[in-house]
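For reference, the chains in residue letters:
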Amino acid sequence: MDIMSDNKIKKIVIAGGGTAGWMTAAALSKVLGCTNYDVHLVESEEIGTIGVGEATIPHIQKFNQILEIDENEFMKKTQATFKLGIEFINWKKIGQSYIHPFGSYGEDINAFPFHQYWLKLKSSGLASSLESYSIATMAARHKKFTRPLNINGSPLSDFGYAFQFDAGRYAQFLRGYAEARGVVRTEGKISSVELCENSGYIKSLSLVGGAVIEGDFFIDCTGIRALLIEGALKTGFEDWSHWLPCNSAVAAPCEKIEEPIPYTRATAHTAGWQWRIPLQHRTGNGHVYASQYMSDDEATGVLLKNLDGAVIADPRVIRFKTGRRVKFWNKNCVAIGLSSGFLEPLESTSIHLIQTAISKLINLFPSRRFMEDGAELYNKNTVFEYERIRDFLILHYKATERTDSDFWNYCRSMEIPEYLREKIKLYVSTGRIYRENEELFSTPSWLAVFEGQGIQAEEYHPAVDSMPLAELAERFKAYEQVINKCIDFMPTHTRYIADNCKAE
Amino acid sequence: MTSHRLVIYGGGVSAWVTAAALTNAYTVDVLKVVLVNPGVNTKEPSIADSGFTSLRRFHASMRISERELMGQTSATFKLGALYKNWSKPGQNFIHGFSNYGSMLDGIDFHQYAVLLHQCGDTTAFDAYSLAAQAAAAKKFGFLNKDLVEQGFNLDYSLHVDLSQYSQLMQTCAVRKHLEVICGQLDHLNLDADGNIKALVLTSGEVVGGDFFFDCSGSDSVLVRQLPGDKFLKWDKELPVNKQIDLVGGAAKSGLCTDLSVCRGGWLKSIPLKDKTLYSLTYNSEYESDDAAMTAAINFAGVELSDAVQPLTIVPGRRERFWVKNCLAIGAAAGNFTELTFSYLHHVQSGVLRFIDLYSAAGVNDFSAQQYNQLTSDEYARVLDYQQLNLLLGAAESSGFWSCTSKIPRTAELQRKLSLFKERGKLAFEEYETWMPGSWVSLLLGNNYWPEKHDVLLNGCNLELVVKRLGQMRMVNSNLAAQLSDEDEILGKYAILK
Ligand SMILES: Cc1cc2nc3c(=O)[nH]c(=O)nc-3n(C[C@H](O)[C@H](O)[C@H](O)COP(=O)(O)OP(=O)(O)OC[C@H]3O[C@@H](n4cnc5c(N)ncnc54)[C@H](O)[C@@H]3O)c2cc1C
């Protein structure tokens, strides 16, 4: 008998059918294939999904490509809109706004980052605002959109985009995809998880009504409940609430009152912030807050007061705790989605973390004999990802001038992780932004938030001085003009959707 | 009707081309053509010519087999001019004969290029020219009918050896009953009206005729002696006065005439099958003869030789070309500079215009007036074109190039430039040697971009435009790759005697 096939995992069980469950099922069915593996998914309609999670970052395009999903088709089916970035309002101080765009600022000059030159020009009073050099930001401000175009040297070829979609429809869409490729879905509520006595591995899931689902490998996509990784395996949780004190959200969609804009909005309130995600058919909203600073009723009141259209569904309160699972892969179980930990949706990173979890899992996919061999690497990389995103999120709270509430007073003066502290220090003293390894957020993202929230560099790189100021000013002006031209020629977001991916 | 007698004076290219064209156009019983060859060096280009596409039409009208002609004149196929380091240091641009891009939705292609440029596009403009792509890949070929019907073209001309070309023209003319007399002019016999009755040669021989062609080169031996003749100098318009011609070995590729700027002026090379003509045209105010010689020798990669001396050139034209019953052709009529210039075109266009206007009834003032007017216009536009080349040569700013922005321009050139700068439209005059497309590609390829795009493009689908332009570039490079290697096709095509 063939050793390989004997050792091979035969049955993969995915517990949970939210965004994480169905993304995982879809990817496994495509990449591993359901002829090689039995892929099962269990979900409970009674419990339902978390129902939020509608904004993404550009990396999701890669996911679509691997799955060979036609982007326009997927957008039509999920009422999706395009997203060029996030507008942050009232974060530095009330009344102020900036956009964190998907794309760079300007272009490198002599292999030095654009922003170094910008810092110099700014100090001479000759620079325009940072955002005038970002095509994604300018397009967002003008409600324009086009997919990046293949034009040598043009800013039009140099930005990213993501989607804003209906989470429920997205899971449905992926479910159709996965089932068509052989994933077997079982409807039912998991009542218990059975472990193997010797190994402590998960053996099976029992459903209410008596059915038992056995498997070789389990993926916990049960959301915040974390039934397998925590409930059964007691893996443990590292709490980050002291850095990111928000622990609740109240969500409510509303009617759309204008054509959807190509960006998400995050407006800071006194004890948290509110998202606004425009879709083709409606607008998603939610207020993320720290319950120790604001009651649920008050938070709901703030949300409703700040909706721009009539509310469509009753506001729903969701509780969470920010932090991560001590291990993401434990025994024969990997936690993907909210079961793996929670980072608030300020930078729309959760779906991305699902995606990277899936690709890491596929890369390190185990066999029966070597069930946990990939776990260490998997866990190490996931911790890194989580922590770098965490630090980026903390920056938004830490870098503020707001003194109008206890919440902001706490955030402004809290201790922050060392990595973030160093990063801020380096920028302030030298204008340099150091990117560690494959850290998700790159230079332009840090720059956008630093500058947007009042962290200013005191110096710039001395090499910048080799270019005469007048020439520099000229180049910047020309670049700004090019961006304006590009914006002139971009279709409106509405028009672009109508031409490409209007939902039927 | 009595047969007319036309007398050509000269023994260089312009004389033989004139003789061949005239004998080809008229049978001997209508017009008798006589050529008086003084047997001295004529002051006119004599080494190599970088033709325009009109050259091939001329051959076709003469029923000369291009394949034989190419074999006999050490010719290479010419796809365009390569501006090396011309408008921007380090930038090469091939100005091909064939079209750049194709119209989209009834709007000129270049408007789209302008639009994308304004959006930061840095794609080289010659990516849209099949000729440029082919030349860069050292490829050449004849497009099949299908491709031509789809709107592709690969127009070409030739680089030819001028002394061999003269030989060939001589053979053609003699075959068509040209009478050749050897002898130098002593003086002219004029009638009371100032018309030439005859050339009196030093031998005492009198060569009478009804009409005379001055093909004596820039000495303009005949017209100079006619009443009211005047030479208009272009010393401000084309401020160069020296030229060094050197002949070196065969170039790597024959498909382009190369142009590049240098301190004193510019360098040009015309690649023939077996050799290359290198010339440096300069202004001695900005470069000494010695320095120019060193530059030319470095450029040509040849040994220093005492035999080569800088030639003095005097750009300018006769005020009138056709005076009484005498017509100046070629260098005798006007001297342009060796910058995007074809001497053969210059000569042929003069003769063909004569044939067009010459009435069998003989000479009349109307023909002369017409001829002079049209030719003046033509020259003015050629001058514009040469000046534009100088204006675009921004890769160098010292020496000669420090004066190019101050060159006086014609109102027509000024209008062309401002209209183009403002709106990307090309003002096209009558009797232009270069078609609008050529002007446009010369401008854009050398980074002279309009400030605004055509308003007709407002609201166009940018994504689609980018896609279609990308397709155009791809088709060009694919097509170019499928053509034959230059050497191979030249070897097969040109018939050697
Ligand atoms: C307020 C808020 C806003 C967010 N915004 C964003 C955003 O903008 N962008 C982003 O990328 N992410 C966002 N997220 C995160 C995102 O919603 C989640 O990452 C994503 O929806 C994945 O969730 P999940 O599939 O892990 O969990 P869920 O959607 O909760 O799915 C859990 C699944 O497990 C099943 N299940 C649970 N218990 C049982 C049981 N006992 N038996 C059977 N089945 C069971 C459920 O039925 C369900 O199918 C947000 C999260 C919150 C809380």
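Values in this document were obtained by computation on a predicted structure and should not be read as measured data.

Draft legend 1. Here's a closer look at the interface of chain B and chain A. Each partner contributes residues to the interface: chain B has 16 residues there, and chain A has 16 residues. Counting the surface lost from both chain B and chain A, the interface buries some 1,300 Å², and carbon and sulfur atoms represent 62% of this. When the buried area of chain B at its contact with chain A is split by residue, Cys119(B), Leu462(B) and Glu463(B) rank highest and sum to 39% of it. Here chain B and chain A share zero salt bridges between them. At the junction of chain B and chain A, the tally comes to four residue pairs in polar contact (both at pLDDT 80 or more). Elements represented by at least two residues in the side of chain B that touches chain A include exactly α4 (109–118) and α13 (462–482) of chain B. Counting residues per element, the side of chain B that touches chain A draws most heavily on α13(B), which supplies four residues. In the side of chain B that touches chain A, the residues fall into seven nonpolar, six polar and three charged.

Draft legend 2. Molecular detail of the domain arrangement of chain B. Residues and elements named next belong to chain B. Taken domain by domain, chain B comprises domain 1 (5–53 + 160–235 + 315–363), domain 2 (100–155 + 384–486) and domain 3 (242–312). The distance between the C-alpha centroids of domain 1 and domain 2 comes to 37 Å. With eight residues of domain 1 at the contact, the number on the domain 2 side is seven residues. Overall, the association of domain 1 and domain 2 removes approximately 580 Å² of surface from exposure, summing both partners, and the carbon and sulfur fraction of that is 61%. The three residues of domain 1 that bury the most area against domain 2 are Phe52, Leu339 and Thr340, which together make up 63% of that side's buried surface. Across the domain 1-domain 2 interface, the total number found is zero salt bridges.

Draft legend 3. Structural view of the sheet that holds strand β16 (residues 256–262) of chain B. Residues and elements named next belong to chain B. Reading across the sheet, the seven strands line up as β6-β5-β16-β17-β18-β15-β19 and stay open at both edges, with mixed pairing between neighbours. What marks the edges here is a single partner per strand, and that holds for β6 (92–96) and β19 (311–312). On the sheet, helix α8 (residues 289–300) packs against β15 (242–249), β17 (265–271) and β18 (275–282) and is oriented at approximately 150 degrees with respect to β18.

Draft legend 4. Structural context of the site of the ligand. Residues and elements named next belong to chain A. Not every one of the 33 residues close to the ligand is listed here, only the nearest: Gly17, Ala55, Ile190, Leu338 and Ile351. Ser44 is positioned with one of its backbone polar atoms (N or O) 3.0 Å from an oxygen atom of the ligand. Within the backbone of Val52, one N or O atom sits 3.1 Å away from an oxygen atom of the ligand. Starting from 1,000 Å² of accessible surface for the ligand in isolation, the protein chains cover 98%. Among the secondary structure elements, those contributing two or more residues to the shell around the ligand are α2 (19–33) and α10 (350–363). If you tally residues by element for the shell around the ligand, the top one is α10, at three residues.

Draft legend 5. A look at the pairing of β18(B). Residue and element names in this part refer to chain B. For β18, a buried count of eight out of eight residues is recorded, marking the element as mostly surrounded by other parts of the structure. What you see with β18 is no split at all: Lys275, Leu277, Ser279 and Thr281 on one side and Thr276, Tyr278, Leu280 and Tyr282 on the other are buried throughout. One ladder, built from eight bridges, connects β15 with β18; its direction is antiparallel. Bridging across to β18, Lys242 finds its partner in Tyr282. Counting the residues between successive antiparallel strands, the hairpin from β17 to β18 contains three residues.

Draft legend 6. How the structure looks around the packing of helix α10 (residues 365–392) of chain B against helix α11 (residues 411–423) of chain B. Residues and elements named next belong to chain B. Two elements in contact, α10 and α11, have axes whose closest approach is 9 Å; the angle formed by their N-to-C orientations is 50 degrees. On the basis of the axis angle, α10 is oblique to α11. In this structure, α10 meets α11 at a crossing whose hand is right-handed. Residues Arg381, Asp384, Gln387, Leu388 and Leu391 of α10 form the contact with α11, whose participating residues are Glu412, Leu413 and Leu417.

Draft legend 7. Region of interest: the environment of Lys275(B). Residue and element names in this part refer to chain B. Tracing the backbone through its elements, the reader meets Lys275 in strand β18. If sequence neighbours within four positions are ignored, Lys275 has contacts with Asp161, Val247, Gly248, Gly249, Ala250 and Ile270. For Lys275, the side chain forms a polar contact with the side chain of Asp161, separated by 2.6 Å.

Draft legend 8. Representation of the state of the cysteines in the model. The full count for this structure, using the stated rule, is zero disulfides over all chains. No disulfide involves Cys172(B); its nearest neighbouring cysteine sulfur is the one of Cys215(B), lying 16 Å away.

Draft legend 9. Quick peek at the side chain of Ser445(A). All names here are of chain A. By the secondary structure assignment, Ser445 is in helix α14 (residues 443–452). Exposure remark for Ser445: the relative accessible area of 9% places this residue in the buried category. The contacts of Ser445, once residues within four sequence positions are left out, are His100 and Phe392.

Draft legend 10. Expanded view of unusual backbone geometry. The phi torsion at Ser220(B) lies on the positive side, around 45 degrees, for a residue other than glycine. Mapped onto the secondary structure, Ser220(B) falls in the loop between β13 (211–214) and β14 (231–233).

Draft legend 11. Seen up close, the pattern of salt bridges. Residue and element names in this part refer to chain A. This model, assessed by the stated rule, comprises 52 salt bridges over all chains. Among the ionic pairs, Asp166 bridges to Arg282, the shortest N-O distance being 3.3 Å. In this pair, Asp166 is assigned in the loop between β6 (162–164) and α7 (167–180) and Arg282 in strand β17 (residues 282–289), connecting sequence segments 116 residues apart. On the accessibility criterion, Asp166 (9% relative accessible area) is buried. Measuring nitrogen to oxygen at the nearest pair gives 2.6 Å for the salt bridge that ties Asp308 to Arg276. Of this pair, Asp308 sits in the loop between α9 (296–305) and β18 (316–319) while Arg276 sits in strand β16 (residues 272–278), and the two are 32 residues apart along the sequence. When salt bridges that share partners are traced, they join Glu43, Glu45, Arg185 and Glu187 into one network.

Basis of the calculations
- Residues numbered from 1 in each chain as written.
- Chains lettered and ligands numbered in written order.
- Predicted model: local features only at pLDDT ≥ 70, side-chain atom pairs only at ≥ 80, totals over all residues.
- Heavy atoms only, no water.
- Contact = heavy atoms within 4.5 Å.
- Buried area = accessible area lost by both parts, 1.4 Å probe.
- Salt bridge = Lys/Arg side-chain N within 4 Å of Asp/Glu carboxyl O.
- Polar contact = N/O pair within 3.5 Å; in protein donor to acceptor, adjacent residues only side chain to side chain.
- Helix = DSSP H or I, 4+ residues; strand = E, 2+ residues; numbered from the N terminus.
- Nonpolar A, V, L, I, M, F, W, Y, C, P; charged D, E, K, R; others polar.
- Domains from an automatic or database assignment.
- Pairing = 2+ DSSP bridges.
- Axes fitted to C-alpha atoms, helices over the stretch in contact; angles between N-to-C directions.
- Near = heavy atom within 4 Å.
- Areas by Shrake-Rupley, 256 points an atom, 1.4 Å probe, with all protein chains shown as cover.
- Buried < 20%, exposed > 50% of the residue type's maximum accessible area, 1.4 Å probe, protein only.
- Parallel < 35°, antiparallel > 145°, perpendicular 65-115°, else oblique.
- Left-handed = near helix turned anticlockwise from the far one by under 90°.
- Disulfide = S-S within 2.5 Å.

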